[in-house]
Amino acid sequence: MSVALAPEVSLRWPAAGVTRVPFRVFSDPAIHALEQQRIFRGPLWHFLCLEIDIPNPGDWRLGTIGETPIVVTRDAHGTIHAMVNRCAHKGALVCLQERGNAEALTCVYHSWTYDLAGQCQSVAFRHGLRGKGGMPEDFDPAQHRLEPVRTTTFCGLVFGTFSDATPDIETFLGPGAAGVIRRNLSRPHKLLGMHSQIIHNNWKLYAENVRDSYHATLLHTFYTTFKINRLDMDGGMILSDDGRHSLSYAKRAQLRESAEYANVHSAQYESGLHGPHLLDAFTEFDDGITHMIQTVFPTLTIQHTLNSLAVRFFTPRGIDQTELFWMYLGYADDDAERTAMRVRQANLTGAAGLVSLEDGCINEFVQRGTRGSEDREAFLEMGGRDVASSDGSRATETAIRGFWQNYRGLMGW
């Protein structure tokens, strides 16, 4: 498989390792180009869509791996395929809408048509017109197809990779991360709604954000005020053995209010809700966990807050823009009352969520604040200097250090 070559990048990572991150990685075009090759075309599984996005034969759904547009299909036999959404003729997008159903995929530019596995089936005017023009006699449609992407599924999640070196999905996830996904998604689920937003920062700043377990109790006033997620609840940060994937969790019923909150600005509010039923919840699992944020390297997040279950996926749209997708789920056997409760709680998160509204701008503040300071670096020593689980405390940046440890390894730094 031929891969576009990224420019050579000379970057000297600070001697303090993953406790320091050079600001240059958020704004250097050459680094961004190299990431497309080593991260997004590297030996990793990348989330593409949900299986329930393409339930029927002929269904297709757009996805993305890095900045490469992808189309995911389900053929007449029920097999899932993924291909680069790029016509083999002139490189135009083949599928233009977000989703659809068709017996074949046709490029609107010159009507090259592909089957649902990406194989070229026909070319308009292949034999010319009235004996003139057309393709050369040795033109073979079988040699022209949409670029294939390896796919796999796990608990209803569809993943893709360009690399033959990517291990099977269970090995990639490891037993811990796989077990958490099974907890949340092994039951048949249904899509309650979805939306996306553009956030004005480099994609890696959002990768840090979802691994930052202690900013939520400081930045997100709603969390602290209404005692949904606070650091003085029982909880922890669990990392996979390689530090690649993470799980931050809290148990709302195990709140033991701490004196350390006396000077925390987010704890200085005594507000009430006109609709307190927004926070009504039912016990769903016997582990006592009421809030969890799971990250799967590099760009997938699964959250379960109270009874709101969502899959988040983010992808770069240039150096300083990221598109963030939110997919809200319920279980297929939910009754009307439980579905309504999940829908109400979905107002906590998302682009205008009562909790996550601030995340839409805070990383832009970092993007803007580091501009012109590419020779400086971030300082990441909360919770120590290592990359290890921190069961019992979420006042730590260990998962962020785990992200950078794996990022550096893939980038060769």
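Residues numbered from 1 in each chain as written. Predicted model: local features only at pLDDT ≥ 70, side-chain atom pairs only at ≥ 80, totals over all residues. Heavy atoms only, no water.

### Observations regarding the overall build of the protein chain
Here is the rule we go by: By definition, any uninterrupted DSSP run of H or I lasting at least four residues is a helix, any uninterrupted run of E lasting at least two residues is a strand, and each is numbered from the N terminus. Each residue gets one of three labels from its accessible area relative to the maximum for its type: buried under 20%, exposed over 50%, partly exposed in between, using a 1.4 Å probe on protein chains only. The contact rule is simple, with two residues in contact once any of their heavy atoms fall within 4.5 Å. Residue exposure ignores everything except the shown protein chains as possible cover, and the areas themselves are Shrake-Rupley values with a 1.4 Å probe. Note on charges: Lys and Arg go in the positive column, Asp and Glu in the negative column, and His and the chain ends are not counted at all. By convention, the point assigned to a charge is CZ for Arg, NZ for Lys, CD for Glu and CG for Asp.
Check the secondary structure of the protein chain and you find eight helices and 20 strands. Taking the principal axes of the C-alpha coordinates as reference, the protein chain spans close to 85 × 55 × 35 Å. In the protein chain, which comprises 413 residues, the proportion classed as buried is 53%. Taking as baseline every contact in the protein chain between residues at least 6 positions apart, the subset at least 24 positions apart corresponds to 65%. Per element, the accessible surface of the protein chain, about 18400 Å² overall, is 50% carbon and sulfur. Placing the 39 positive and 47 negative side-chain charges of the protein chain at their respective mean positions leaves the two points 3 Å apart.

### Observations concerning the packing of helix α3 (residues 203-211) against helix α7 (residues 359-369)
Basically, it comes down to this: To define axes, lines are fitted to C-alpha atoms, for helices over the stretch in contact only, and angles between the resulting N-to-C directions are given on a 0 to 180 degree scale. Orientation labels follow simple angle bins: below 35 degrees gives roughly parallel, above 145 gives roughly antiparallel, 65 to 115 gives roughly perpendicular, and whatever is left gives oblique. By the definition used in this description, the sense in which the near helix is turned from the far one sets the handedness, with an anticlockwise turn below a right angle giving left-handed and a clockwise turn giving right-handed. Residues are grouped as follows: Ala, Val, Leu, Ile, Met, Phe, Trp, Tyr, Cys and Pro are nonpolar; Asp, Glu, Lys and Arg are charged; every other residue, Gly included, is polar.
It is the contact of α3 with α7, at a shortest axis distance of 10 Å, that shows an interaxial angle of 125°. With respect to each other, α3 and α7 are oriented oblique. In this structure, α3 meets α7 at a crossing whose hand is right-handed. Each of Leu205, Tyr206 and Asn209 in α3 lies in contact with α7, whose residues at this interface are Asp359, Ile362, Asn363, Val366 and Gln367. Each residue belonging to the contact of α3 with α7 can be placed in one class, and the counts come to four nonpolar, three polar and one charged.

### Re the pairing of strand β15 (residues 291-296)
The criterion, for reference: We call two strands paired when DSSP finds no fewer than two bridges between them.
Summarising burial for β15: six of the six residues are buried, a large majority. Of the two faces of β15, both are covered, the one formed by His291, Ile293 and Thr295 as well as the one formed by Met292, Gln294 and Val296. Judged from the six bridges that link them, β15 and strand β16 (residues 300-305) form a sheet pairing that is antiparallel. Counted as the bridge partner of Gln294 is Ile302 from β16. Once β15 ends, the chain turns through three residues before running back antiparallel as β16.

### Regarding the side chain of His81
Note the cut-off: Between N or O atoms, a polar contact is any pair within 3.5 Å; within protein, one atom must be a potential hydrogen donor and the other a potential acceptor, and residues adjacent in sequence are included only when both atoms are from side chains.
Inspection of the secondary structure puts His81 in strand β5 (residues 80-84). Only 2.8 Å separates the side chain of His81 from the side chain of Asp75, close enough to count as a polar contact. Sequence-distant contacts of His81, defined by excluding residues within four places in its chain, comprise Val71, Val72, Thr73, Asp75, Leu116, Ala117 and Thr151.

### Observations concerning helix α8 (residues 398-411)
As a reminder, the rule being used: Here the expected length of a helix is defined as 1.5 Å per residue gap, with one fewer gap than residues.
Compared with an ideal rise of 1.5 Å per residue, which puts 14 residues at 20 Å, α8 spans 20 Å between its outermost C-alpha atoms and is within 8% of the ideal. Looking only at α8, the buried set comprises Thr398, Ala399, Ile400, Arg401, Gly402, Phe403, Trp404, Asn406, Tyr407, Arg408, Leu410 and Met411. If you follow the buried residues of α8, they end up packed against β1 (20-22), α1 (29-38), α3, β13 (233-239) and β14 (246-255). Looking one or two residues past α8, Gly412 carries a phi angle of roughly 85°, positive in sign.

### Digging into the packing of aromatic side chains
We apply this condition: We call Phe, Tyr and Trp rings a pair once their centres come within 6.5 Å, taking the six-membered ring for Trp, and we label the pair stacked below 30 degrees between planes, edge-to-face above 60, and tilted otherwise.
This structure, assessed with the given rule, holds 17 aromatic pairs. Ring centres of Trp13 and Trp404 lie 5.9 Å apart, and the angle between their planes is 50°; this geometry places the pair in the tilted category. Of the two residues, Trp13 sits in the segment before β1 while Trp404 sits in helix α8, which places them 391 residues apart along the sequence. Like Trp404, Trp13 is buried. Connected via pairs of aromatic rings, a cluster forms that spans Trp13, Phe26, Phe40, Trp203, Phe297, Phe403, Trp404, Tyr407 and Trp413.

### Notes on the domain arrangement of the protein chain
Our working rule: For the purposes of this description, domain bounds are those given by an automatic or database domain assignment. Joining two parts hides part of their accessible area as seen by a 1.4 Å probe, and the buried area is that hidden amount summed over both. Whenever Lys or Arg places a side-chain nitrogen within 4 Å of a carboxyl oxygen from Asp or Glu, that contact is recorded as a salt bridge.
Each domain of the protein chain was delimited in the assignment, giving domain 1 (46-153) and domain 2 (174-411). Averaged C-alpha coordinates put domain 1 and domain 2 at centres separated by 36 Å. Across the boundary between the two partners, domain 1 contributes eleven residues, which contact 14 residues of domain 2. Both faces considered, domain 1 and domain 2 share a buried interface measuring about 1000 Å² in area, 70% of it formed by carbon and sulfur atoms. Inspection of the domain 1/domain 2 interface yields zero salt bridges. Applying the counting criterion to the domain 1 and domain 2 interface returns two residue pairs in polar contact (both at pLDDT 80 or more). At the level of secondary structure, the elements contributing two or more residues to the side of domain 1 that touches domain 2 comprise β2 (46-50) and β3 (59-65).

### A short note on a nonpolar patch on the surface
Just so we agree on the cut-off: Like-charged residues within 9 Å of one another, or nonpolar side chains (Val, Leu, Ile, Met, Phe, Trp, Tyr) within 5 Å, are grouped into patches, provided each residue has over 30% relative accessible area and no salt bridge.
A contiguous nonpolar surface patch, about 450 Å² in accessible area, is contributed by Leu93, Leu96, Val108 and Tyr109. Structurally, Tyr109 can be placed in the loop between β7 (105-106) and β8 (113-114).

### Regarding the sheet that holds strand β12 (residues 189-199)
Taken in spatial order, the eight strands line up as β12-β18-β17-β16-β15-β14-β13-β20 in an open sheet, and their pairing is antiparallel. The open sheet has two edge strands, β12 and β20 (390-391), and neither has a second partner.

### A few points about unusual backbone geometry
Pro298 follows Phe297 through a cis peptide bond whose omega is 5°. Looking at where Pro298 falls in the secondary structure, it is placed in the loop between β15 and β16. Despite not being glycine, Arg130 shows a phi value in the positive range, around 55°. Within the secondary structure layout, Arg130 lies in the loop between β9 (120-122) and β10 (148-154).

### Here's the deal with the state of the cysteines
Put simply, the rule is: Cysteine sulfurs are considered disulfide-paired once they come within 2.5 Å of each other.
All chains considered together, the criterion is met by zero disulfides. We note that Cys120 lacks a disulfide partner, and the nearest cysteine sulfur, in Cys87, lies 7.7 Å from it. The class for Cys120 is buried, based on a relative accessible area of 4%. Cys49 supplies the cysteine sulfur nearest to Cys155, a cysteine that is in no disulfide, at a spacing of 15 Å.

### What about the packing of α1 against α8?
The axes of two packed helices give the description: the angle between them and the distance between them. Their axes nearest at 10 Å, the elements α1 and α8 cross at an angle of 85°. When the axes of α1 and α8 are compared, the pair comes out roughly perpendicular. Along the contact surface, α1 presents Ile31, Leu34, Glu35 and Arg38, while α8 presents Tyr407, Leu410 and Met411. Across the contact of α1 with α8, the residue classes break down as five nonpolar, no polar and two charged.

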